[in-house]
Amino acid sequence: MRELIKLNKNYKYNLDNKLVMHLDPDYVYIPIKKNYSLLVKNKDLVLKEQIIMENNLNKIISPISGVAKEIKMRNIAGASVPCLVIENDFKEKTKSMRKKSKIDSREALISKLYEYYFKYIASVLETHKINNLVINGIEDEPYIFNNPFILNNYCKEILAMADIIADFFAIDKIIVAIKASDTLNVNKCLSIIGTYPSVKLSLVDDKYLLGNSYFLKEYLHLEELDTLVLSAKELLDINNAIKNERHITESFITISGPCIEKSKVIKVKIGTLFKDIIDKNVKLTTPNVKYILNGLMTGEECDIANTIVATSTKGIIIIPDEKPQSEVCNNCGLCYKICPVKVNPKKVMDTGKISSNCLDCGLCSYMCPCHINLRKYLRGENEE
Ligand code: SF4
Ligand code: SF4
C-alpha cells in the first residue's frame, strides 16, 4: 500500500450548502472535435438533445434549444478549439419524448448504457464478473466539492441506481466511500443505507489521491478486476439516462477560493462560458485575482472570458494574483519522496527525459519548497 499525502490546506473556504442553478445561459459553445461531421448549419433551429455532430462511434447533442450561429474559438483545458455557438431560445424544446423502455434484465440495462454513451461501464459489466461496486463520493482536488455535494443532494437516487445495477449483475457488495471528515455525507448516508442490506459505508482518510479509483481500490483492499468504481456523478447521470431517458446536458462545477464571499457548487449547461457563470453567481472580495481551472493541484490558470465548461470540467479556484517567486532547486528530494508512483521529478527537470508513469497529480509542484513548477517539466514544457 502506497503512502498517500495529507495536504496542508491553507484556506478556509466557506461552502454554500445549497445547490445553485445556472441553467439558462444566453449561449453555449460546443467544441467541434476532429473527425466529427457537423450536422447543423448557420441559422438552423436546434432542439435540446438533438444530435449536432457525429462520427462512426459517437454523437454529440445540444444541451439547449436555440439557433445555430457562427463558429468561435474557445478554450477547454488550456487548448483553443473551434466551437459551434448556439443562441438559447429559452424554450428547452426537445423532440417528442422517446418512449420509456422497461429495464427488466441485465441485457436491457447494458443496451441502455450503450445508448446513452456509458460505453466503458457497459463493457466492464458485460465482460467482468464484478463483486464490488464502489460509489466514490470523494473529490481529489482539495478545494473542489462536486462529488461529495452530488452525493449529499442526490443520495437516494444514487443508492437506488447502484442497487439496481448490483441486482442485475449479482454484485455482492456496494461500498460508499467518503472521507471520515465529511460529516454531512456520513450522516446523510447513515440515514438512508439501512434500506439497502448490501450497502456498506467506508470512511477513508483525508489523503490526496484517494478519489482516484486505482488508489481507492488499493486502500480498500479490493481486487482490481472484480471491482467497479463509479463516482456519485456517474451514478446520477446513469440514473437520469435509465429512469428519465435524459442525455448528459448538464454538469456540476465548484467555484471556490479565498477571493470570493462564498464557495458554491453550481449546476450548469455544458458549453457555458465561465465568465457568464462567475459574473452572475460569485462576488469577488478583492480586485486582483487569477482563475485556476480544475483546482490547485492539477489545474492551470485560465482566461474565464474564453473558457467553457466541458463534461470533465471540475470548476475554478479564484486566488490572489501573486506570482510565487520561483527559486533554485535546493536538492531537498521531497518531490521524489512524495511521488505516489516513484517518478523523480527533479531528474526529469534536469535531464528533460519525461516519465510515462507520471499521473500529472501535481503533488510534487504543490509540495516543492522552492515553488518550482515541476508539472511543466513533467509534461515536456519549459518553465516560463
Ligand atoms: S522538491 Fe523542489 S527543491 Fe526539492 S528536490 Fe524537488 S525540485 Fe528541488
Ligand atoms: S505529478 Fe507526476 S511526478 Fe509529480 S508527484 Fe504526481 S505522479 Fe509524481
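See the structure shown above.
Summarised in this report is the structure supplied together with it.

Rules and cut-offs
Residues numbered from 1 in each chain as written. Chains lettered and ligands numbered in written order. Predicted model: local features only at pLDDT ≥ 70, side-chain atom pairs only at ≥ 80, totals over all residues. Heavy atoms only, no water. Phe/Tyr/Trp six-rings, centres within 6.5 Å; stacked < 30°, edge-to-face > 60°. Helix = DSSP H or I, 4+ residues; strand = E, 2+ residues; numbered from the N terminus. Buried < 20%, exposed > 50% of the residue type's maximum accessible area, 1.4 Å probe, protein only. Lys NZ or Arg CZ within 6 Å of the ring centre and 35° of its normal. Core = buried A, V, L, I, M, F, W, Y, C linked by side-chain atoms within 4.5 Å. Contact = heavy atoms within 4.5 Å.

1. Re the packing of aromatic side chains
For any pair of aromatic rings, geometry is given as the distance between the ring centres together with the angle between the planes.
So, step 1. Inspection of the entire model under this criterion finds two aromatic pairs.
So, step 2. Pairing tyrosine 154 with phenylalanine 252 gives two aromatic rings, centres 6.0 Å apart and planes at 70°, and the pair type is edge-to-face. Of this pair, tyrosine 154 sits in the loop between α3 (146–153) and α4 (155–168) while phenylalanine 252 sits in strand β13 (residues 250–256); the two residues are 98 residues apart in sequence, bridging distant segments of the chain.
So, step 3. By relative accessible area, phenylalanine 252 is classed as buried at 5%.
So, step 4. Ring centres 5.4 Å apart and planes at 90° place the aromatic pair tyrosine 214 and phenylalanine 215 in the edge-to-face group.
So, step 5. When its relative accessible area of 2% is taken as the criterion, phenylalanine 215 is described as buried.
So, step 6. Here the guanidinium or amino end of lysine 342 rests over the ring plane of tyrosine 336, the centre of that ring lying 5.4 Å away.

2. Remarks on the nonpolar core
So, step 1. The biggest cluster of nonpolar side chains holds 47 residues, and the ones touching the most others in it are Leu113, Leu125, Ile135, Leu151, Ile158, Leu159 and Ile165.
So, step 2. The leading source of residues in this core is α4, at eight residues.
So, step 3. With near-sequence residues (within four places) excluded, isoleucine 165 lies in contact with Leu109, Leu125, Leu133, Ile171, Leu230 and Leu235.
So, step 4. Counting residues in hydrophobic clusters, the runner-up holds 31 residues, among them Ile5, Val134, Leu210 and Cys339.

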